[in-house]
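# Structural features, examined
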Amino acid sequence: MAKRDSLAAFHAIRFLQSVPFGVRPPADRGREVAFAGRSNSGKSSALNALTGRRGLARASRTPGRTQAINFFDLGDETRLVDLPGYGYAKVPEALQRQWRPLIEDYLQHRDSLSGLMLTVDCRREPTELETLLLDWCAHSAMPVRLLLTKADKLGRGEAATVLRRWRAWLAEQGRTQVEVQLFSSQTGTGIDEAREALLDWLNFRQKKAPA
Ligand code: GDP
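A few points on the structure.

The rules behind the values
- For every chain, the first residue of the written sequence is number 1, and numbering continues from 1 along that sequence.
- Owing to the predicted nature of the model, reporting of local features is limited to residues with pLDDT of at least 70; listing and counting of side-chain atom pairs is limited to 80 or more, with chain, interface and lining totals taken over all residues.
- Neither water nor hydrogens contribute to the side-chain values; these are computed over all heavy atoms in the structure.
- Strands here are runs of E lasting at least two residues and helices are runs of H or I lasting at least four, both read from the DSSP assignment and numbered beginning at the N terminus.
- Computation of the radius of gyration draws on C-alpha atoms, with the globule rule given as 2.2 Å multiplied by the number of residues to the power 0.38.
- Whether a residue is buried, partly exposed or exposed follows from its accessible area with a 1.4 Å probe, protein chains only, as a fraction of its type maximum: under 20%, in between, or over 50%, in that order.
- Here, two residues are considered to be in contact whenever any of their heavy atoms come within 4.5 Å of each other.
- Only the protein chains shown count as cover for residues, and the accessible areas themselves come from Shrake-Rupley with a 1.4 Å probe.
- Aromatic rings from Phe, Tyr and Trp, taking only the six-membered ring of Trp, are treated as a pair when their centres fall within 6.5 Å; an angle between ring planes under 30 degrees marks them as stacked, one over 60 as edge-to-face, and anything in between as tilted.
- Any residue with a heavy atom positioned within 4 Å of a molecule or strand is treated as near that molecule or strand.
- We define a polar contact as two N or O atoms separated by no more than 3.5 Å, with the added condition that, inside protein, one atom must be a possible hydrogen donor and the other a possible acceptor, whereas residues neighbouring each other in sequence contribute only through side-chain atom pairs.
- Cavities and pockets are defined on a 1 Å grid built over the protein atoms alone: a cavity is a set of grid points where a 1.4 Å probe fits but cannot escape, while a pocket is an open set with protein on both sides within 12 Å along at least five of seven lines, and lining residues are those with an atom within 4 Å of any such point.
- Cavities and pockets are treated as containing a molecule whenever more than half of the molecule's atoms lie within 2 Å of their grid points.
- Each residue gets one of three labels, nonpolar for Ala, Val, Leu, Ile, Met, Phe, Trp, Tyr, Cys and Pro, charged for Asp, Glu, Lys and Arg, and polar for the others, Gly among them.
- Grid points are joined across faces, edges and corners, and a volume is the space filled by probe spheres set on the points.

### With respect to the overall build of the protein
Each helix and strand counted, the protein has seven helices and seven strands in total. For the protein, the sequential pattern of α-helices and β-strands runs α-β-β-α-β-β-α-β-α-β-α-β-α-α. At 16 Å, the protein has a C-alpha radius of gyration in line with the 17 Å of a compact globule built from 211 residues. Out of the 211 residues belonging to the protein, those deemed buried represent 48%. Looking at the protein alone, contacts between residues at least 24 apart form 76% of all its contacts between residues at least 6 apart. A total of about 10800 Å² of accessible surface is found on the protein, and carbon and sulfur atoms cover 49% of it.

### Things to note about the packing of aromatic side chains
As enumerated under the stated definition, the model contains four aromatic pairs in all. Residues Trp99 and Trp136 carry aromatic rings whose centres are separated by 6.1 Å and whose planes lie at 40° to one another, so their mutual orientation is tilted. Of this pair, Trp99 sits in helix α3 (residues 93–109) while Trp136 is found in helix α4 (residues 128–139), placing the two residues 37 residues apart along the sequence. The pair Trp99 / Trp136 is uniform in exposure class, with both members buried. Ring plane angle 80° and centroid distance 5.4 Å describe the contact between Trp166 and Trp169, whose orientation is recorded as edge-to-face. In this pair, Trp166 and Trp169 are both assigned in helix α5 (residues 156–172), three residues apart and thus about one turn of the helix distant. According to the relative accessible area criterion, Trp166 is buried, its value standing at 4%.

### Topic: the site of the ligand
Inspection of the region around the ligand gives 15 residues, with Asn40, Ser44, Ser45, Arg61 and Asp152 positioned closest. Gly42 is positioned with one of its backbone polar atoms (N or O) 3.0 Å from an oxygen atom of the ligand. Residue Gln186 places a side-chain N or O atom 3.3 Å away from a nitrogen atom belonging to the ligand. With the chains in place, 75% of the 570 Å² that the ligand exposes on its own is no longer accessible. Under a 2 Å grid-point criterion requiring more than half of the atoms, the pocket assigned to the ligand is the largest pocket. In terms of residue class, the shell around the ligand is made up of no nonpolar, nine polar and six charged.

### Some words on the layout of surface pockets
Roughly 680 Å³ of internal volume is contained in the largest pocket. Of the residues in the lining of the largest pocket, the class split is nine nonpolar, 16 polar and eight charged. Computed from the structure, the second largest pocket encloses a volume of approximately 240 Å³. If you go around the second largest pocket, you meet 15 residues; those closest to its centre are Val23, Pro25, Leu102, Asp105 and Tyr106. Those elements that provide at least two residues to the lining of the second largest pocket are β3 (69–75) and α3. Ranked by the residues each element gives to the lining of the second largest pocket, the list is headed by α3, at five residues. Grouping the constituent residues of the lining of the second largest pocket by class yields 10 nonpolar, two polar and three charged.

### Side note on the side chain of Thr119
Residue position: Thr119 is located in strand β5 (residues 113–121). Look at Thr119 and you get buried, because its relative accessible area is 1%. There is a polar contact of 2.8 Å between the side chain of Thr119 and the side chain of Ser41. Not counting chain neighbours up to four residues away, the residues in contact with Thr119 comprise Ala36, Gly37, Arg38, Ser41, Gly42, Lys43, Ala46, Leu147 and Thr149.

Here it is in structure tokens:
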């Protein structure tokens, strides 16, 4: 699919609903793809770059929405979902405690969830939080794509080494439903590849293909 056509999928994207702990999410129909990642991992930048909408993730940063699951409507029963960033020290402990059941319940029980994009700064090692998220996804055989963000911060050789190390780490744990790639919202590295995966999960091609 040409890049322009791929971006057209996000043309009508609009903020749908912010769902804090204890609030009922939008109807669990159609397909949606969620984005998760540690705070400052480049999740918002990735969402903006993949959709071609610079201000998109700002909607999730509005006061009151930062610890909620934020849903964006793409039309035709498809959605993007911005999960609250984790590991942010400034968030009060009570809210941090709500993060776990909120995300765990969503990842394990949301029928329309078709895939998870997980952003990790490429200069960081995997932590127990990534392991936890991958475990929840494995529980429901959820496909995951790990975006190793800010790849522009590494030289080419270094980036290749990092990618190899992550692949080895995933293989060691038998995580066959997890893909991993380099990503930079700044230079464009890996954006097309990630966007194609996103559209596949949303079944966009099949839906838009001529009859
Ligand atoms: P979030 O908290 O996970 O949503 O992260 P943001 O998208 O807000 O990014 C956190 C910081 O990393 C910001 O200062 C961004 O400008 C920076 N950043 C995000 N993506 C990239 C990237 O691809 N390359 C570089 N060099 N910096 C990035």
